[in-house]
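# Close look at the chain arrangement
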Amino acid sequence: MDILYFAWVRERIGLPKEQIQTQAATVADLINELRAREERYVAAFSDLSALRVALDQELADFDAPLDGVREVAFFPPMTGG
Amino acid sequence: MRVVVQAEPFDYAAEVDRFAADRSDIGALVCFAGVVRDTDNTLSMMEIEHYPGMTEKALSKIAKEAKDRWSLGDVLVIHRFGKLTPGEKIMMVATAAPHRAAAFAAADFLMDYLKSRAPFWKKEHSRESADWVAAKQSDETALSRWS
């Protein structure tokens, strides 16, 4: 599964993209898995209300299932326009 | 309908002039441009990051929704990414409709949606620091007008 990070999430984790093997059932499970890895993930995922997630390039909720998902992206609320 | 995501500057006047030029059933054109603002004279550069792939999809979805909802004759969205300096145009939208109410409403809708539903992130660089622009609660509230 490809995991992408944007804006300050990318900066805190220190890379734009990584590939991981996971059995996580939902986005929330995946976040818990990442948090358990290293301090930089804890820093990036400390406040979920400041985060958004997209599954295969569509906005999703944190309780969304990861079944069949190929690309997960984490980023702050968007500031376009 | 045209959606463009690019790093290069765009020619606003030429885009406006060309927009819906071949249509004779259009009575109203609304064109809006967003510009890099330097309120306190401290901004040296505005950096815009985006999510290639999702950006184009999200913008197309928003543009199509506006087109269907207001029966627009045409709709145009251009959004830049990369490094921009104060005064540069970041983006533009244009809407074409038989009457002005629909053209204005659709442009307003497009702006509200692409502010908080298109995957762009702005970072303001000054001489001393670089800070990510925080999303405003008012941007989120603005969306509820349209549901």
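Use the structure listed above.
This text gives an overview of the structure that appears in the document.

Parameters and conventions
- Residues numbered from 1 in each chain as written.
- Chains lettered and ligands numbered in written order.
- Predicted model: local features only at pLDDT ≥ 70, side-chain atom pairs only at ≥ 80, totals over all residues.
- Heavy atoms only, no water.
- Contact = heavy atoms within 4.5 Å.
- Salt bridge = Lys/Arg side-chain N within 4 Å of Asp/Glu carboxyl O.
- Polar contact = N/O pair within 3.5 Å; in protein donor to acceptor, adjacent residues only side chain to side chain.
- Helix = DSSP H or I, 4+ residues; strand = E, 2+ residues; numbered from the N terminus.
- Buried < 20%, exposed > 50% of the residue type's maximum accessible area, 1.4 Å probe, protein only.
- Lys, Arg positive; Asp, Glu negative; His and termini not counted.

Each side of the interface is counted separately: chain A has 21 residues, and chain B has 26 residues. There are three salt bridges connecting chain A and chain B. Measuring nitrogen to oxygen at the nearest pair gives 2.5 Å for the salt bridge that ties Glu-11 of chain A to Lys-123 of chain B. Between chain A and chain B we count 14 residue pairs in polar contact (both at pLDDT 80 or more) in total.

Take the pattern of salt bridges next. Following the criterion strictly, the structure yields 13 salt bridges over all chains and no others. Residue Arg-10 of chain A is joined to Glu-49 of chain B by a salt bridge in which the shortest nitrogen-to-oxygen separation is 2.5 Å. Of the two residues, Arg-10 of chain A sits in helix α1 (residues 7–13) while Glu-49 of chain B sits in strand β3 (residues 43–50), which places them in two different chains. Given a relative accessible area of 23%, Arg-10 of chain A falls into the partly exposed group. By relative accessible area, which is 13% here, Glu-49 of chain B ends up buried.

Looking now at the side chain of Glu-71 of chain A. Along the polypeptide, Glu-71 of chain A turns up in strand β5 (residues 71–75). Although buried, Glu-71 of chain A forms no salt bridge, and the nearest oppositely charged side chain, Lys-17 of chain A, lies 5.5 Å from it. Within the structure, Glu-71 of chain A has its side chain in polar contact with the side chain of Gln-57 of chain A (distance 3.2 Å). Polar side-chain contacts of Glu-71 of chain A include one of 2.5 Å to the side chain of Tyr-51 of chain B. Once residues lying within four places of it in the same chain are set aside, the contact partners of Glu-71 of chain A are Asp-2, Leu-4, Ala-54, Leu-55, Asp-56 and Gln-57 of chain A together with Tyr-51 of chain B.

Let's shift gears to the environment of Ala-142 of chain B. Residue and element names in this part refer to chain B. With respect to the helices, strands and loops of the structure, Ala-142 is situated in helix α4 (residues 137–143). Residue class for Ala-142 comes out buried when judged on its relative accessible area of 16%. Linking Ala-142 and His-99, residues 43 residues apart in sequence, is a C-alpha distance of 24 Å.

Bear in mind that shape data such as this cannot, by itself, settle questions of function.
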